Amino acid sequence: MMPLTAGLPSLDAELASVGIEGEVLLVGGAVMLVTFYAEPASRRPGDQFADQNLLTEAADRVGSAEGFPSDWLSTAARAVVGTEGPSGMAWEGSHLRVYAPQPPYALAMKCARFGLAPEAEERAIQADVRYLMRLIGLTTASDALGVIGDYFTERQLPDRLTPRLERLLH
């Protein structure tokens, strides 16, 4: 059987065929996904993010075609990031990037999508945001907004982000 990392170029091509760009982030041992439209409708962050299911469905198609297990993408991400050390770009194609970013970046990307995703994805985003806030050591919504502010202006962020973050802390 070929190594799971051999599926990354196929996934990159699959994402290109559906007009999606994906990031597979390895943060503190957790694998997280961020999905963007290759050609967004506007420059607003909320309009740039695509449904995460588009990335997972593409990974499922590639995995089925290659005979990989259902968790192949997470395993492949851990394998390539593990070869590059604790941070930095580990694998990059035209529509897929696999790397270990700094946790504040992952938090900002997840919060920019918070409240804008379909319900199933929203639960995953909430879990990721909770995890990232604990990992970074943030205990208040204002602390989190301070970190996120390094990446987005308040106007760029979803409405009612502060109360959503406060609910996650309780």
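As shown above, the structure is provided for reference.
Residues numbered from 1 in each chain as written. Predicted model: local features only at pLDDT ≥ 70, side-chain atom pairs only at ≥ 80, totals over all residues. Heavy atoms only, no water.

Novice: Describe the overall build of the protein, with residues and values.
Specialist: In terms of helices and strands, the protein carries 8 helices and 4 strands. Walking the protein from its N terminus toward its C terminus, one meets helices and strands in the order α-β-β-α-α-α-β-β-α-α-α-α. A compact globule built from 170 residues would reach a C-alpha radius of gyration of about 15 Å, and the protein, at 16 Å, matches this within 12%. Each principal axis of the C-alpha atoms in the protein carries an extent, and together these give about 50 × 35 × 25 Å. When the 170 residues of the protein are sorted by exposure, 43% land in the buried category. Considering only intrachain contacts with a sequence separation of at least 6, the fraction spanning at least 24 residues in the protein is 62%. As presented, the protein carries roughly 8500 Å² of accessible surface, and 50% of it is formed by carbon and sulfur atoms. Of the charged side chains in the protein, 14 are positive and 22 negative, and the gap between their average positions amounts to 7 Å. (Helix = DSSP H or I, 4+ residues; strand = E, 2+ residues; numbered from the N terminus. Rg over C-alpha atoms; globule rule 2.2 N^0.38 Å. Buried < 20%, exposed > 50% of the residue type's maximum accessible area, 1.4 Å probe, protein only. Contact = heavy atoms within 4.5 Å. Areas by Shrake-Rupley, 256 points an atom, 1.4 Å probe, with all protein chains shown as cover. Lys, Arg positive; Asp, Glu negative; His and termini not counted. Charge placed at Lys NZ, Arg CZ, Asp CG, Glu CD.)

Novice: Give a detailed account of the packing of helix H6 (residues 119-136) against helix H8 (residues 161-169), specifying residues and quantitative values.
Specialist: Interhelical geometry of H6 versus H8 gives an angle of 70° and a closest axis separation of 10 Å. By the angle between their axes, H6 is roughly perpendicular relative to H8. On H8, the residues that touch Gln126, Val129, Arg130 and Met133 of H6 are Leu165, Leu168 and Leu169. In terms of residue class, the contact of H6 with H8 is made up of 5 nonpolar, 1 polar and 1 charged. (Axes fitted to C-alpha atoms, helices over the stretch in contact; angles between N-to-C directions. Parallel < 35°, antiparallel > 145°, perpendicular 65-115°, else oblique. Nonpolar A, V, L, I, M, F, W, Y, C, P; charged D, E, K, R; others polar.)

Novice: Please set out the pattern of salt bridges residue by residue, giving values where relevant.
Specialist: Scanning the entire structure with this criterion turns up 5 salt bridges. Between Arg97 and Glu21 there is a salt bridge whose closest N-O contact spans 3.5 Å. Remark: Glu21 occurs in strand E1 (residues 20-27) and Arg97 occurs in strand E4 (residues 96-100); sequence separation between them is 76 residues. Residue Asp128 pairs with Lys110 through a salt bridge whose shortest N-O separation is 2.9 Å. With Asp128 in helix H6 and Lys110 in helix H5 (residues 103-113), this residue pair connects regions lying 18 residues apart in the sequence. The residues Asp128 and Lys110 share a single accessibility class, namely buried. Three or more residues joined by partner-sharing salt bridges are found here, namely Glu21, Glu23 and Arg97. (Salt bridge = Lys/Arg side-chain N within 4 Å of Asp/Glu carboxyl O.)

Novice: Describe H5, listing the residues and the values that go with them.
Specialist: H5 sits mainly inside the fold: 9 of its 11 residues count as buried. By the burial criterion, the buried members of H5 are Tyr105, Ala106, Leu107, Ala108, Met109, Lys110, Cys111, Ala112 and Arg113. Gly115 sits one or two residues past H5 and shows a positive phi near 85°.

Novice: Report on the environment of Val81, specifying residues and quantitative values.
Specialist: Of note, Val81 is situated in helix H4 (residues 72-84). Between the alpha carbons of Val81 and Thr162 there is a distance of 33 Å; along the sequence they are 81 residues apart. Leaving out residues up to four positions away in the same chain, Val81 has contacts with Leu26, Ala90, Val98, Tyr99 and Ala100.

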